[in-house]
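Notes for the structure review
Given next are the chains, with one letter for each unit.
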Amino acid sequence: MLKNLFDRPQSFKKKCIVDNKKTTVSFEEAQKIILNSIIPLSSENISIMEASNRVLYEDIVSDVMIPHVDDSAMDGYAIIAEDTHGASIKNPIKFQIIGEIQAGGSIVGKKVSKGTAIRIMTGAPIPEGADSVVRFEDTEEKAGYVKIFSETARYNNYRSAGENIKIGDKVLQKGDRLRSADVGILVSLNYNTVKVYKQPTVSIISTGDEIADIGEEIQMGRIRNVNAYTLYSEVRKYNGIPEYFGIAKDSMIDMKEVFLKALKSDVVISTGGVSTGKYDFVKEIYSDLNIDMQFERVNVKPGSPCAFGKKDNKLIFGLPGNPVPTLTSFIQFVRPALLGLMGAKRIKKPIVNAFLEEDINSAEVHHLLRGYFTIKNNEFHVSTTGNQKPSMLRSMSAANCLIIVPENVTSVKAGEKVAVQLIDHDEI
Ligand code: AMP
Ligand code: MG
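Attention in this report is confined to the structure presented alongside it. This one's a predicted model, so the numbers in the text were calculated from it and none came from an experiment.

1. So, the overall build of the protein chain
- Within the protein chain, the secondary structure is distributed over 8 helices and 28 strands.
- Here the C-alpha atoms of the protein chain give a radius of gyration of 31 Å, more than 25% beyond the 22 Å that 2.2 N^0.38 yields for 428 residues.
- Among the 428 residues that make up the protein chain, the fraction classed as buried is 48%.
- The contacts in the protein chain between residues at least 6 apart in sequence include a share of 70% that link residues at least 24 apart.
- When the 53 basic and 53 acidic side-chain charges of the protein chain are each reduced to a single mean position, those positions are 3 Å apart.

Structure follows, in structure tokens:
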């Protein structure tokens, strides 16, 4: 099934790489160059309501105990555990009920002593004298007394002050990307606003005379502008602020005009026009605009025509034109850059080993194949999602992972293990 893995004959691919030797880098080198170019953005204070997925700019150290006081983990009766010694279904022990504490309430002037119980609700403070809570389900109440049917240990259903968070605990760290539980921690420490890294602004440019935007009539030879919208979606997913700058024609004048406007953002992403074709002007635009080109080709499939440059603190990516390499290059190169600009500590998609369910033949380059993983008997299994041509967006749409075939491996057999990058999983 993977005979059609490549869109071009082998000889053609080799020639391109040799022609561009000076500026071609390996996959790992490309990632390293990008990461070394990142200077994290400054900070801003935002409402806790907006904090989800933002990256913390400061360590969070608690100045309170959570829970604030010892409290009950169950609805039941606060008693002295020792008093239940010998209790059983046949021989229940009776306690006199001397009061009740609701959640949010308190009890003054009453103390649990031998043979007495206070009715207590979940979250209510443990009354003085008690050291355990017996839940309602294990009791029977009648006429001011409660029968307890089994022995109970000290600190049963009992939450100690500070058992969740102590004063001085570093509960979250600078560089953490805030998830819902983290927002909850901040709220429990009474944060109304939080200091986070700013979000990078990201300009998106499409290039190509043949590219038609949504709504435009598609005449012969025209291609719908897919990339601007897949990238817009990805930038939002990683919390950048995207701005779409339209389609630049394949001319120096038009491209320069669009790039000049787009360079106001922290990151510029263009697609297409970065290969070796007669009308591929993106690399010339870099030199014309004094963008410091770091590389213009990566030894990876799909997506070898891929440029990266810097100007001031701005990062400029020239992604390939075909819709799949646009996305795979975004995931491998732009995504970590956006997270890095936002100060995120965790920027790697998890990679697991999976049993391959079909034979794969690859080229002598770092290869990323669109795959779908499943888990059977606690083991990862993976198969490709069909035709792997760079223009085949359907096999990307069907994928939930990328199968990594390293540079020096040319074939992997069904049943062998391969490395698989989980592209839909959070960064670790
Ligand atoms: P290029 O590198 O500019 O020659 O583009 C390579 C291929 O990707 C061509 O078939 C283009 O038509 C296609 N392509 C370029 N830009 C886009 C885009 N924005 N959306 C969809 N396909 C594109
Ligand atoms: Mg083009």
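2. Concerning the packing of aromatic side chains
- Considering all chains together, one arrives at 10 aromatic pairs under this definition.
- When the ring of tyrosine 57 is compared with that of tyrosine 197, the centres are 4.7 Å apart and the planes differ by 65°; the resulting orientation is edge-to-face. Here tyrosine 57, found in the loop between strand E2 (43-47) and strand E3 (60-61), pairs with tyrosine 197, found in strand E13 (residues 193-197); they are 140 residues apart in sequence, far enough to count as distant.
- Its relative accessible area of 8% is what places tyrosine 197 among the buried residues.
- Every member of this aromatic cluster is reached through a ring pair, and the members are Phe27, Phe295, Phe308, Phe317 and Phe333.
- Between lysine 94 and the ring centre of tyrosine 145, over which it is positioned, the NZ or CZ distance is 5.0 Å.
- Across the ring face of tyrosine 57, the terminal group of lysine 174 is positioned such that the distance to the ring centre comes to 4.5 Å.

3. Considering the pairing of strand E26 (residues 401-405)
- Extensive coverage of E26 is indicated by the burial of 5 of its 5 residues.
- Of the two faces of E26, the one carrying Cys401, Ile403 and Val405 and the one carrying Leu402 and Ile404 are both buried.
- With 3 bridges connecting them, E26 and strand E28 (residues 417-421) associate as antiparallel partners. Within the sheet, the bridge partner assigned to leucine 402 lies in E28 and is glutamine 421.

4. Here's the deal with the side chain of histidine 381
- On the secondary structure map, histidine 381 appears in strand E25 (residues 379-384).
- A distance of 3.1 Å separates polar atoms of two side chains, one belonging to histidine 381 and the other to glutamate 357.
- Once residues within four sequence positions are removed from consideration, histidine 381 is found in contact with Ala354, Phe355, Glu357, Tyr372, Phe373, Thr374 and Lys376.

5. Digging into the site of ligand 1
- Not every one of the 16 residues close to ligand 1 is listed here, only the nearest: Glu210, Asn225, Val226, Gly273 and Gly321.
- For ligand 1, an oxygen atom lies 2.6 Å from a polar atom in the side chain of glutamate 210.
- Here glycine 321 contributes a backbone N or O atom positioned 3.1 Å from a nitrogen atom of ligand 1.
- Isolated, ligand 1 exposes 480 Å² of accessible area, and the fraction of that covered by the protein chains is 79%.
- Breaking the shell around ligand 1 down by element, the ones donating at least two residues are strand E14 (201-207) and strand E16 (223-224).
- Each residue belonging to the shell around ligand 1 can be placed in one class, and the counts come to 4 nonpolar, 9 polar and 3 charged.

6. A closer look at the pattern of salt bridges
- Evaluated as defined, the whole model comprises 20 salt bridges.
- Notably, a salt bridge pairs glutamate 427 with arginine 177, separated by 3.0 Å at the nearest N-O pair. Of this pair, glutamate 427 sits in the segment after E28 while arginine 177 sits in the loop between strand E12 (170-172) and helix H3 (180-188), and the two are 250 residues apart along the sequence. For the residue pair glutamate 427 and arginine 177, the accessibility class agrees, reading buried in each case.
- When the shortest N-O distance is used, the salt bridge between lysine 283 and glutamate 296 registers 3.6 Å. With lysine 283 in helix H6 (residues 282-288) and glutamate 296 in strand E19 (residues 292-301), this residue pair connects regions lying 13 residues apart in the sequence.
- Members of the salt-bridge network, linked through shared partners, are Arg177, Arg335, Lys349 and Glu427.

How each quantity is defined
Residues numbered from 1 in each chain as written. Chains lettered and ligands numbered in written order. Predicted model: local features only at pLDDT ≥ 70, side-chain atom pairs only at ≥ 80, totals over all residues. Heavy atoms only, no water. Helix = DSSP H or I, 4+ residues; strand = E, 2+ residues; numbered from the N terminus. Rg over C-alpha atoms; globule rule 2.2 N^0.38 Å. Buried < 20%, exposed > 50% of the residue type's maximum accessible area, 1.4 Å probe, protein only. Contact = heavy atoms within 4.5 Å. Lys, Arg positive; Asp, Glu negative; His and termini not counted. Charge placed at Lys NZ, Arg CZ, Asp CG, Glu CD. Phe/Tyr/Trp six-rings, centres within 6.5 Å; stacked < 30°, edge-to-face > 60°. Lys NZ or Arg CZ within 6 Å of the ring centre and 35° of its normal. Pairing = 2+ DSSP bridges. Polar contact = N/O pair within 3.5 Å; in protein donor to acceptor, adjacent residues only side chain to side chain. Near = heavy atom within 4 Å. Areas by Shrake-Rupley, 256 points an atom, 1.4 Å probe, with all protein chains shown as cover. Nonpolar A, V, L, I, M, F, W, Y, C, P; charged D, E, K, R; others polar. Salt bridge = Lys/Arg side-chain N within 4 Å of Asp/Glu carboxyl O.

It is worth stressing that arrangement in space is one thing and function is another; only the former is reported here.
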